[in-house]
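# Examination of the molecular architecture
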Amino acid sequence: MEPLSPEDGKRAAAAPEAAIPRTHIEIENLEIRYGPVPAVKGISFRVRAGEQLTLLGPSGCGKTTTLRAIAGLERPSAGAIRIGGETMYASAEGINIPAEKRGLSMVFQSYAIWPHMTVFENVAYGLRVRRKSRHEILTRVREALALVQMAPYENRPASALSGGQQQRVALARACVFQPSVLLFDEPLSNLDAKLRADMRIELRELQHRLGITSVYVTHDLEEALAMSDRIVVMRDGNIEQIGSPTEIYNLPRNAFVADFIGSSNLIAGQLRPDLASDGLIALETSAGQVVHGVAHGRAVPPEPVFSVRTVYLRLSFERPAGLRNVWPVRVHHCVFQGDFSQVNVTWGDRDLVVRSAALEPIPEGRDAFLSVEPRHCVLIEGS
Amino acid sequence: MPGSNRDKLTRRTLLGASVALASPIACLSARGAYAQAPAKTPTKVLDFLTYADVAKAEQEGAFVFYCHENEAGTAAIAEAFGKDFPKIKTSYVRAQTGALYNKISTERAAGRFDVDILQLSDLAPALDFQKKGGYEIYHSPEAGGYKPEHLSNPAGAFFWTGVTFGGLAYSTAKVKAEEAPKSWKDLLDPKWRNAMSCKISSSGLQFVQWYELRKLYGDEYWQAFAKQRPRGFDSRVQLFDRLAKGDDKVCALAEYAAYVLYKEKGAAIEFVAPEDGLPATPLLVGVVDKAPHPEVAKLFVDWAMSNRGQAFYQSNPHLIYGSLRTDAPPMPTGKRLSDFKLLTPTDYADYLGSRDKFTKDWNGMLGL
Amino acid sequence: MQAPALRWQVPSGQAIAGFGVAGAAGILVLYPIFYLMQAALDVGDPDARPPTAYGLGNFEALPQYSEIMLNTLTVSLAATVMALLFGFVTAWILSRTNVPGRRTLEQLMAVPYYMTPLLGAFAWSLLGAPESGFVNQVWRALGGENALINLVTPFGIAWVMALFEGSVAFVMIGAVMKSMDPALEEASQVIGASRLRTMLRVTLPLVAPGVLGAAILVFAEMLGSFSAALVLGNPDRFYVVTTAMYQLVSQYPPRIPLAAAMGVSLFAVMFLMLFLYRRLIAGRSYVTISGKAFRPRVMDVGRLRWLLFAVCVFYVLLSVALPLMTLAFASVQKIAVAFPAASNWTLANYQTAFTMNAVRAALGNSLLLGVATASIGVVLMGLISWLIYRSRLPGSGFIEYLVMFPQAVPRLVFAFGMMWAWIVFPIPIYGTLWLLLIAYLTVFLPLGVRTISGVMLQIDKSLEECAQMCGAPWGYRIRTVTMPLLCPGLLAAWLLLFIASVRELGASILLMGPNAKVVTPTIVESWFATSAELTAAMALIQTLVIAIAMVVFLALTRRASMYAGE
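Residues numbered from 1 in each chain as written. Chains lettered and ligands numbered in written order. Predicted model: local features only at pLDDT ≥ 70, side-chain atom pairs only at ≥ 80, totals over all residues.

This paragraph deals with the overall build of chain C. Assigned secondary structure in chain C consists of 26 helices and 0 strands. Radius of gyration (C-alpha) of chain C: 25 Å, near the 24 Å computed for a compact globule of 566 residues. Each principal axis of the C-alpha atoms in chain C carries an extent, and together these give about 95 × 75 × 50 Å. Taking all 566 residues of chain C together, the buried fraction comes to 50%. (Helix = DSSP H or I, 4+ residues; strand = E, 2+ residues; numbered from the N terminus. Rg over C-alpha atoms; globule rule 2.2 N^0.38 Å. Buried ≥ 20, exposed ≤ 12 C-beta atoms within 10 Å, placed from the backbone.)

So, on to the domain arrangement of chain B. All names here are of chain B. Partitioning chain B into structural domains gives domain 1 (5-163 + 282-333) and domain 2 (164-280 + 342-365). Of note, the centres of domain 1 and domain 2, computed from C-alpha atoms alone, are 27 Å apart. Facing the 25 residues of domain 1 at the interface are 22 residues of domain 2. Elements represented by at least two residues in the side of domain 1 that touches domain 2 include exactly α5 (97-109), α6 (123-131) and β6 (158-171). The residue makeup of the side of domain 1 that touches domain 2, split by class, is 15 nonpolar, 9 polar and 1 charged. (Domains from an automatic or database assignment. Contact = placed C-beta atoms within 7 Å. Nonpolar A, V, L, I, M, F, W, Y, C, P; charged D, E, K, R; others polar.)

Attention now moves to the environment of A280 of chain B. All names here are of chain B. Structurally, A280 is set in strand β11 (residues 278-287). We classify A280 as buried; it has 26 C-beta atoms within 10 Å. Along the sequence, A280 and T344 sit 64 residues apart, while their C-alpha atoms lie 5.5 Å from each other. What A280 contacts, discounting residues up to four positions off in sequence, is V163, T164, F165, V208, L342, L343 and T344.

For the rest of this paragraph, the subject is the interface of chain C and chain B. Facing the 33 residues of chain C at the interface are 38 residues of chain B. Of all the elements in the fold, those that place two or more residues in the side of chain C that touches chain B are α13 (241-250), α17 (357-389) and α25 (519-529) of chain C. With 4 residues, α25 of chain C is the largest single contributor of residues to the side of chain C that touches chain B. When its residues are assigned to classes, the side of chain C that touches chain B shows 17 nonpolar, 10 polar and 6 charged.

Residues and elements named next belong to chain B. With 12 residues, helix α11 (residues 294-305) should cover 16 Å at 1.5 Å per step; its first-to-last C-alpha distance of 17 Å lies within 8% of that length. Counting buried positions along α11 yields 12 of 12 residues, so the element is predominantly enclosed. Residues P294, E295, V296, A297, K298, L299, F300, V301, D302, W303, A304 and M305 constitute the buried set of α11. (Expected span 1.5 Å × (residues − 1).)

It is worth spelling out the confidence of the model for chain B at this point. The predicted model of chain B averages 82 in pLDDT, with 89% of residues at 70 or higher. Across residues 1-37 of chain B, confidence stays below pLDDT 50; counting only partners more than four residues off in sequence or on other chains, it has 40 contacts. (pLDDT = per-residue confidence, 0-100.)

Here you go:
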């Protein structure tokens, strides 16, 4: 299993009596194949009670397939899925509990609002299936609708709602019977940008308030970073890295993660153990520049590479003093992009990309100095 | 009853042989006619005699009639019987004789016995059916009205409810009277190529025509006939429809009964009775073995045989059968059967034996 | 840890229903085919059953009848080409040009489908017979010689079939055109290509696969056609395989093994065609609800648009109005001619038709059967559609092939097998309406399943999956989510099945019994055994009854289909 993150360690240290957080969902060596094509190639991870775990990756990476397997809507080829200690799927023992009996809840990408029912009926569906009393249904549905601010639309036919409104109803429907786990399949991808941003916050607050364990699937980086407790980065059916948003952002494990999460410059070089100091390591590039960075306890591979985030590179016209990583560069391209500007600079024999806020437009050919703090030059593990 | 039969036998030799229907069966029929004298006495219902239990028949309440006639004709027969016995619900299946016989044979082979009365227009399948025991033997009290050669041999299987015969017909709109064919041989004239119609091989009357004309003129006649490329049809209604509309110029087998009907409708057609004779085929009715409504079936046979039934058969415009009942009145046109020279097969063995050749040749001529 | 393995052994209600339905479909479809094959391989005594000897003798005799095979191919090919022409031209006009009244025209284009080829065959026979046809009579009256047209020919058969099938081609090609991204054509025009060039170089190649698919399907249907060839071909000794089979079966003595062999060969060709068709359209997505809909850019054709309007209207007139009027004209005459004298008018035909017991009984039976077939069919085919496209039960792909199987078999051939198969069945259903019901359900499986699954596939899967996630078991889901959403589709299927069964000919003509007469074979029998005028009256009565039933049905269900969402 993957190691607990530093945050977990801190939390455990802070409240020893809380002990290690309870594992709510356990995925073990899950393999899912469509005919001969493997969509998910043997992944394992755990979701803790009350946390929001996001499956993040480009399309085709297997994140939705994994989510649907947890839901019970897809049948894996091998492995095991356990929720709340109960085995939902285990290929070795031949167990596969159908989706309707797993007690989970899901919000679909297309909302799946039933057009032939009213808003009330949509939300009440799960309760009716469980044969709750009329009174209970009434109370709980109203509560759920209030939770998503859709109370006044109770008797509206569902087909007459806008996208955002349908989204909320879907959410209310998913929460109304108090499931232990909430699954989200790219719920915000059909909304426009502004609405998406607002809903993100609402969803996050809701999840915190109710303390439900959530597994969230998205391909949107911002969403994942904003909403998750931990992120699972996937590619081609494999897990690339698991960690908290800051961890993944600041300490990418390989080139793919480095460039998928935010934009990053990858600097390869030869290890210069003679220049190592203060816990930093130094790489010398083929052009002769020396870059100081951190290894974070990772073993140095034969061809080491630093990942340097574009936003951490600093451009200045005077040489900054007292910094280890300073180099002269020439600006050859500058594009204004609203909240930031993207500057391409020639650094030795190659280009580097710098992202900087509030930069005056720099004419091409201008010389400048590039600097970056060593702690922002992270050694990545083999690709 | 037996007495009057014997009377009729002696009287027969005195009557002119108007219908040339000599048959070797005739000498046997004398013995067959009263071989099984029924024990009970017949009851009179409406105006005829029957051995059937009428009350039981009405209880049985239904009547299934398989007939070769066209739709209108079959419906008329069923309706007429149903009108006389309203408590009996009639239903029928009609198909050309060949197809009809197919159907009933298939059904019986599979153990289905749903038919009460079978009416065919060809002796060949009737004799075949009799051989297989398909008919139930029933001696109707009305059988006395018929000559033995117009009953089955041995009697009781079926009887000749009528005779239909055919000659030539042509469309007066397309053909001038001088050019019209007068004899069977005239049909071979090249000017009638692709303009003639006839019936298909499942027709009883067509088989008789083939057989008789082959006897008269030999195989070469039909070989030449085939060169005329005639069109074959299932029913006489089609033949006369087309003739009336001018789709065909000449009809090589025009049933007299249909001619009468269409002439009344005002069709521009004319009938020709060739000198050499007109092929005629009997229409044969019998009670089917293991009938679902046996009393109704017997009642029907008696009805059909009686004057009442025969009058109906003769006068209904869709049927116009020539009746063989010895005391029958003339046909609605005023003519009697005796006014025509009718050709019917006499050597039944030869007749039956040539069926296969006929079917093959005729189908080949018509393209299938 | 849970108790292992046993969980999978107990079949869910879903599985039971699924396998039950699949089993029923299997029996319906395969039982007659088995008997068909048995008859085709029978080289022993034709009267003995079961067959005494098996062999390939019947197939070896087939080359003698190569003319019939050739006829079938020629007529089908000609009809396909014409039907595609009608369909393509009208589809292009209605989806690509600014012809006025497009919506009405589109709805009108569906009407020829409800006019059976049988009606068309009667009417065109009355119009185009060389001597007695109305058109030719008018022609001669105007001074022409002989005949202007002769439709009692192979061309006539192809013409009638093409008029009818043209509307099917229209729907299929129209769908292809609507799914084409207009940007592709616009790109061509922006570069400067003329409209004609665009159509030839861009549009045509893009729609070609779809059109080809339509062509294959239409051709396969033409191969199995029966009624037009029966009415227009038989008189002139022009036989196609289906009419030849019918002839062979009705002859005395019947040549059943030969007919069966012909049937099997036709079936093989049709099967191949349909196999090709499925390969061609494989992989197409049917989900249209959540997808982007293309609105093709409409071309302005200026004054031409009235001409194009006329073209579309002309097609509808030719295929619907003209035949109906012809039949009406003929039905009120004693002997139908183009210029009737005053004495020729009569209502006797209608009188006879209404009072003929056979007709009344047949019509009653047909209506009853129609309701039964449609109602049972909708449930059965709904379950089958769900089984194939929504359940994850094993073997659902096989069921799909099984269900589409009857499409590859001409109705007559199928009925032939059924006649054989059910006559020996211990329960006496032969000759009753029950047998017809079973026959209809079998031959309409492809139609019903195709219609219902078309609608089913339009419903996003997630709607049902969500119900699953809310805890609803299979039966509850179907009842509360799938069925209400399917409602308009189910109603459409009901109506289609009803009409199809009342109009059915090929199967009914072989399976009717004395108490189980149905209307279309009765009309055909009437054509061959009574007058054309009486037949015309009967045909019109049948058409009217169907039209009334449709109107009633649509009125009753208008409210039901209003709320079911899309």
